[in-house]
Protein chains: 2
Amino acid sequence: MEIKVVEKVMKVNDELAEGVRAKLSKAGVVGLNFISAPGSGKTTLIETALRRLDGSPRIGVIEGDPDTTLDAERIAACGAPVTQVNTAGGCHLEANLVDRALANFDLNQLDLLIIENVGNLVCPVSFDLGESLRVAVVSTTEGHDKPAKYPKLFRTASVVVLNKIDLLPHVNFDRAAFLDSVERLQPGVAVIEVSCTAGDGVDAWCDWLRRAAAGGRG
Amino acid sequence: MEIKVVEKVMKVNDELAEGVRAKLSKAGVVGLNFISAPGSGKTTLIETALRRLDGSPRIGVIEGDPDTTLDAERIAACGAPVTQVNTAGGCHLEANLVDRALANFDLNQLDLLIIENVGNLVCPVSFDLGESLRVAVVSTTEGHDKPAKYPKLFRTASVVVLNKIDLLPHVNFDRAAFLDSVERLQPGVAVIEVSCTAGDGVDAWCDWLRRAAAGGRG
């Protein structure tokens, strides 16, 4: 009984996700699904890119959180169109929430739609939101064991952003072990190392977003 | 239909949790449920306490993770009895998993049973594991906005550990805003500020565990 219900939920989600993907595709918008643990710096990565890219490509943002509009306020302060989706305690976004949020955007005025998922390394991985590319973010403070513990995210990511590299001197993080474990889970996947605080890697991060907007795999 | 199933799952979980609580209580063991985001340092907090407390109180550990036995290996290296529970991708522990894990411990030889939940600030909060006390861990690198975004955890925590305070000089974390937001969610809840790396607050952390083992609210 439970399994049937779960299957039905996933089937409905997949159908709605295909609808989202079709809407985005028709408008020439590339959808990105950002997945990470809470506090790994997704919002700061988006803010940094918005300020650096300065309108080219044109980026809209959907912010997912269990509560508050804190992140949407940060994005709005960068001048980008943004919609906050509160899950009321739910631990991941689903396609129906994204589909409803789409109505708040003029898709013909966008090149990229960034969907920032709820901070969680488990459940968001299982729900297709209609994105074209999936961005996994992990910060150096979380430890190099995260790919091994949460393999599904790293197997399905289009790109991995290793964030907060300015903190490497202060934390117990084995960079080589991290890169090796990502490579074993998904050979060849790109890893972009970034510090929004120090500015390292921000060029590479913005280049990836430009290529993604141009329809590449980033 | 879906709601009924969810209700049933929660009812069964609550009943099993009461069974776990009764078993622990009968053996004079205090159960602690550790909840945090991935990578906030739960395992390091446990390792640090095990080494410092050196067998008094006597502590057993259940390690919850979606995959791997990495954490259980770290705890075993400290000489404590430990069982790893892999959720096979599940985002939280449930009471039936804890109940089965109990069979691996000689409860009469323990004072405290630490249950380290899957790293996740959302779902673990809703599942009673039969613990007496709930320990919320948040690290300074995750940002001071976490209580506002994940209020249920901070409303239900018996104690809040603010971890990685050695990184405060290097991160954008407003300590006063954090403490204020925790206090607003649950007036009077204790906040212990710790750096396992620098050793700050480790005495206070171990004192809390000693008091918890003695049957106090820590």
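Refer to the structure presented above.
Residues numbered from 1 in each chain as written. Chains lettered and ligands numbered in written order. Predicted model: local features only at pLDDT ≥ 70, side-chain atom pairs only at ≥ 80, totals over all residues. Heavy atoms only, no water.

### Quick notes on the overall build of chain A
Applied cut-off: Helix and strand labels come from DSSP, where a helix needs a run of H or I of at least four residues and a strand needs a run of E of at least two; each type is numbered from the N terminus. For the radius of gyration, the atom set is restricted to C-alpha positions; the globular benchmark scales as 2.2 Å times the number of residues to the power 0.38. For every residue, the accessible area obtained with a 1.4 Å probe (protein chains only) is divided by the maximum for its type, and the residue is called buried under 20%, exposed over 50%, and partly exposed between those limits. Contacts were defined at the residue level, with two residues in contact if any of their heavy atoms lie within 4.5 Å. Note on areas: these come from Shrake-Rupley sampling with a 1.4 Å probe, and a residue is covered only by the protein chains present in the view. When charges are tallied, Lys and Arg are placed among the positive residues and Asp and Glu among the negative ones, while His and the ends of the chain are skipped. Think of each charge as sitting on NZ of Lys, CZ of Arg, CG of Asp or CD of Glu.
Looking only at helices and strands, one finds 8 helices and 7 strands in chain A. For 218 residues, the compact-globule estimate of 2.2 N^0.38 gives 17 Å, and chain A sits close to it at 17 Å. Expressed along its principal axes, the backbone C-alpha trace of chain A runs to roughly 45 × 45 × 35 Å. A total of 218 residues make up chain A; the buried ones form 56% of that total. Considering only intrachain contacts with a sequence separation of at least 6, the fraction spanning at least 24 residues in chain A is 72%. Taken as a whole, chain A presents about 8,700 Å² of accessible surface, with 51% of it coming from carbon and sulfur. Side-chain charges of chain A comprise 23 positive and 29 negative groups, with the mean position of each set lying 4 Å from the other.

### Thoughts on the sheet that holds strand β5 (residues 133–139) of chain A
All names here are of chain A. The line we're drawing: We treat two strands as partners when DSSP finds at least two bridges between them. A fitted line through C-alpha atoms represents every axis, and for helices the fit uses only the stretch in contact; the resulting angles, taken between N-to-C directions, go from 0 to 180 degrees.
The strand order β3-β2-β4-β1-β5-β6-β7 describes an open sheet built from 7 strands, whose pairing is parallel. Since the sheet does not close on itself, it has two edges, and those belong to β3 (82–86) and β7 (190–193), each with one partner. On average, each strand axis in the sheet is inclined to that of its neighbour by 20°, with strand direction left out of account. In terms of strand pairing, strand β6 (residues 159–163) meets β7 through 4 bridges, oriented parallel. In the sheet register, Val160 faces β7, and the bridge partner there is Val191. Helix α7 (residues 175–185) contacts β5, β6 and β7 of the sheet and is inclined by roughly 150° relative to β7. Strands in contact with helix α8 (residues 202–213) are β1 (30–36), β4 (112–116), β5, β6 and β7; relative to β1, the strand with the most contacts, it is inclined by about 140°.

### Regarding the pattern of salt bridges
Condition: Salt bridges are defined by distance alone: a side-chain nitrogen of Lys or Arg within 4 Å of a carboxyl oxygen of Asp or Glu.
Taken as a whole, this structure holds 34 salt bridges over all chains when the rule is applied. Close ionic contact of Arg52(B) with Asp203(B) constitutes a salt bridge, the shortest N to O distance being 2.3 Å. Highlighted residues: Arg52(B) in helix α2 (residues 42–53) and Asp203(B) in helix α8 (residues 202–213), separated in sequence by 151 residues. Owing to a relative accessible area of 42%, Arg52(B) belongs among the partly exposed residues under this scheme. Members of the salt-bridge network, linked through shared partners, are Glu47(A), Asp65(A), Asp71(A), Arg74(A), Asp145(B), Lys146(B) and Lys149(B).

### What about the packing of α2(B) against α8(B)?
Residues and elements named next belong to chain B. Note the following rule: These descriptions rest on fixed angle ranges, namely under 35 degrees for roughly parallel, over 145 for roughly antiparallel, 65 to 115 for roughly perpendicular, and the rest for oblique. All amino acids are sorted into three groups, where Ala, Val, Leu, Ile, Met, Phe, Trp, Tyr, Cys and Pro are nonpolar, Asp, Glu, Lys and Arg are charged, and the leftover types, Gly among them, are polar.
Where α2 contacts α8, the axes come no closer than 10 Å and their chain directions differ by 80°. What the angle tells us is that α2 and α8 run roughly perpendicular. From α2, Leu45, Thr48, Ala49, Arg52 and Leu53 reach across to α8, where they touch Val202, Asp203, Trp205, Cys206, Leu209 and Arg210. Split by residue class, the contact of α2 with α8 holds 7 nonpolar, 1 polar and 3 charged.

### Observations regarding the relation of the copies chain B and chain A
Operational definition: When the copies are superposed, the least-squares fit draws on C-alpha atoms of residues that have pLDDT of at least 70 in both.
When chain B is fitted to chain A, the residual RMSD is 0.0 Å, and the transformation amounts to a turn of 180° plus an axial shift of 0.0 Å. Taken together, the rotation and translation describe the operation of a two-fold axis. Taken as a fraction of all interface residues of chain B, those also at the interface in chain A reach 100%, which identifies the copy contact as same-surface.

### Remarks on the interface of chain B and chain A
Where we set the bar: In protein, a polar contact means a hydrogen-donor-capable atom and an acceptor-capable atom, both N or O and within 3.5 Å, with residues adjacent in sequence counting only if both atoms are side-chain atoms; elsewhere, any N or O pair within 3.5 Å suffices.
Chain B puts 36 residues into the contact, and the matching count from chain A is 36 residues. Summed over the shared surface of chain B and chain A, the result is 4 salt bridges. Note that Lys149(A) is salt-bridged to Asp71(B), the shortest N-O span being 2.7 Å. Put simply, chain B and chain A have 6 residue pairs in polar contact (both at pLDDT 80 or more) between them. Listing elements by their share of the side of chain B that touches chain A, those giving two or more residues are α1 (2–26), α3 (70–76) and α5 (146–149) of chain B. Considering only residue class, the side of chain B that touches chain A consists of 17 nonpolar, 8 polar and 11 charged.

### A look at the packing of aromatic side chains
Residue and element names in this part refer to chain A. Condition: Side-chain rings of Phe, Tyr and Trp, where Trp is taken by its six-membered ring, are said to pair if the distance between their centres is within 6.5 Å; with planes under 30 degrees apart they count as stacked, over 60 as edge-to-face, and otherwise as tilted.
For the structure shown, the criterion picks out 6 aromatic pairs over all chains. Considering the side-chain rings of Phe173 and Phe178, the 5.4 Å spacing of their centres and the 45° angle between planes classify their relative orientation as tilted. The pair Phe173 / Phe178 is uniform in exposure class, with both members buried. Aromatic ring contacts, followed pair by pair, group Phe34, Trp205 and Trp208 into a single cluster.

### Let's talk about α8(A)
Residue and element names in this part refer to chain A. Keep this limit in mind: The span one expects for a helix is its residue count, reduced by one, times 1.5 Å. The arc in question is formed by the directions pointing from the helix axis toward the C-beta atoms.
Compared with the 16 Å implied by 1.5 Å per residue over 12 residues, the 16 Å span of α8 between its first and last C-alpha is a close match. Among all positions of α8, only Val202, Trp205, Cys206, Trp208, Leu209, Ala212 and Ala213 are buried. The arc that holds the buried residues of α8, viewed along the axis, is 155°, so those residues lie on one side. Taken together, the buried residues of α8 touch β1, α2 (42–53), β4, β5, β6 and β7.

### Examining unusual backbone geometry
Residue and element names in this part refer to chain A. Look at the link from Ser56 to Pro57: it is a cis peptide, with omega at 5°. Although it is not a glycine, Lys164 sits at a positive phi angle of roughly 65°. Relative to the helices and strands, Lys164 resides in the loop between β6 and α7. Judged by its relative accessible area of 13%, Lys164 falls in the buried class.

### Description of the nonpolar core
Short version of the rule: By nonpolar core is meant a set of buried Ala, Val, Leu, Ile, Met, Phe, Trp, Tyr and Cys residues that side-chain atoms within 4.5 Å join together.
Formed by 46 residues in total, the largest nonpolar core has its most connected members in Val160(A) and Val160(B). Excluding residues within four positions of it along the chain, Val160(B) makes contact with Ala136(B), Val138(B), Phe154(B), Phe178(B), Val182(B), Val189(B), Ala190(B), Val191(B) and Ile192(B).

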